[in-house]
Amino acid sequence: MTPLNETESFVLLRLSERRFAVSAGDIAELVAPSRIFRFPHQTKEIEGVILRRGRIVPVIDVAARLIGKKLTSRRFYLIAQRRYTAGTEWIALPVTGDCELISAEMIPASAADLPHVAGWLSHDGDVIEVLNLNALTPGPSPAPLSAPAANTVRQEAFS
Amino acid sequence: MRLPAPAKAPPVRTEQIILFRISGQLFAVSSASVQEVRSVDTLAGSAREISPSEIRKVRHTVLRGEHHLYVVNGALHFNLPSSPAALVFVLRRTRTALLVDGIEKMTTMSRLQALPQAFCNDERNWYRGLTAIDQTVIPVVKPEGFLTPDELFSLDSALDPAVTPTGEDVAVSEGAPGSVFDPGSSISNPSSLDDVSVPSDSASPLP
């Protein structure tokens, strides 16, 4: 008897002509671009921050790393949860097109894959990279992919 | 029947801040961290140029009591385009006098959000966090972040041996009449003084 393959939910995002996938459990929402606030810093991947639901969310352009060029236009921000050793925080990823929720079976990444690749899935005839946001986006130190999802959101020094 | 008294909401903790600009960029600093605000004009007589070092953001020092304060160019510190500074903030419990373009206003913040962890470089030493004022996100600077201990050591070492960090240079300390950092000195723009009234030591910043 062959065991049934387990399917998971993913959000497909578009960066220019390419599509990538992120585990749906890591996605908070998809929002229209809003005003970016910029201030001096030295983390080159971060464009600035946006205000969303009372939180200050860093905008991280992952296109340069994934498709080799920065995005010149964006249609939405995909708000995702980024896990750190000290908790989970929202990050905003600019995307250039609609996002799509799908169910698919993920083939885990191999040792030969880049660190930001969590796995692969097949959809509509395309083979799509599933992104490991912890490895793809900047942070103080790499956090394990399977960090507990119940970590509290660390947002405020005081309120 | 007597209804129970409604639970009192905990008092909102607030902190008074000064919004200021460097090269057009808006920053905030706790007013409790600013000991004095001076016009750069009043620095001219007492600031002493120091020999160029690898710390480009510091070109002058001012003797204050027994210590030398280092005058930090805020634009160079934050890698912003240079701009003419009009004011100097003497930052409490530091050896920094910060050059700024000007003061936007004083206001109160009720919420300071920790710098998102995605920011993982020097900015973590620059800022206490971020706050939103009038729907604008403003970084709140960390007074002790303008000069690292290593930079202070390097600057102290670069000073003329006659001008030690312990303030042995009598010529400078006594020869600079009306040092701009004397408590009795006045700021060149009296209207600004009202705007930037120096907070007392007893001001209690939020934890």
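Look a little higher up for the structure.
### What about the overall build of chain A?
Part 1 of the argument: Tallying secondary structure elements over chain A gives two helices and twelve strands in all.
Part 2 of the argument: Reading the secondary structure of chain A in the N-to-C direction produces β-β-β-β-β-α-β-β-β-β-β-β-α-β.
Part 3 of the argument: Burial analysis of chain A (159 residues in total) assigns 33% to the buried set.
Part 4 of the argument: The contacts in chain A between residues at least 6 apart in sequence include a share of 53% that link residues at least 24 apart.

### Thoughts on the sheet that holds strand β9 (residues 107-108) of chain A
All names here are of chain A.
Part 1 of the argument: Taken together, six strands build an open sheet; the order of strands is β8-β1-β2-β11-β10-β9 and the sheet is mixed. In this open sheet, the two edge strands, each paired with only one partner strand, are β8 (100-104) and β9.
Part 2 of the argument: As defined by bridge partners, strand β10 (residues 117-123) adjoins strand β11 (residues 126-131) across six bridges and the pair is classed as antiparallel. Bridge pairing links Leu121 to Ile128 in β11.

### Notes on the nonpolar core
Part 1 of the argument: With 82 residues, the main nonpolar core has A:Ala21, B:Val29, B:Val71, B:Phe89 and B:Ala97 as its most contacted residues.
Part 2 of the argument: Ignoring sequence-local partners within four residues, the contact set of B:Val71 consists of B:Ala47, B:Val58, B:Arg59, B:His60, B:Thr61, B:Val62, B:Val88, B:Ala97 and B:Leu99.

### As for the interface of chain B and chain A
Part 1 of the argument: Of the residues lining the interface, 26 residues belong to chain B; the matching set on chain A comes to 27 residues.
Part 2 of the argument: Residues belonging to the side of chain B that touches chain A are distributed by class as follows: 14 nonpolar, eight polar and four charged.

What counts and how
Residues numbered from 1 in each chain as written. Chains lettered and ligands numbered in written order. Predicted model: local features only at pLDDT ≥ 70, side-chain atom pairs only at ≥ 80, totals over all residues. Helix = DSSP H or I, 4+ residues; strand = E, 2+ residues; numbered from the N terminus. Buried ≥ 20, exposed ≤ 12 C-beta atoms within 10 Å, placed from the backbone. Contact = placed C-beta atoms within 7 Å. Pairing = 2+ DSSP bridges. Core = buried A, V, L, I, M, F, W, Y, C linked by C-beta atoms within 7 Å. Nonpolar A, V, L, I, M, F, W, Y, C, P; charged D, E, K, R; others polar.

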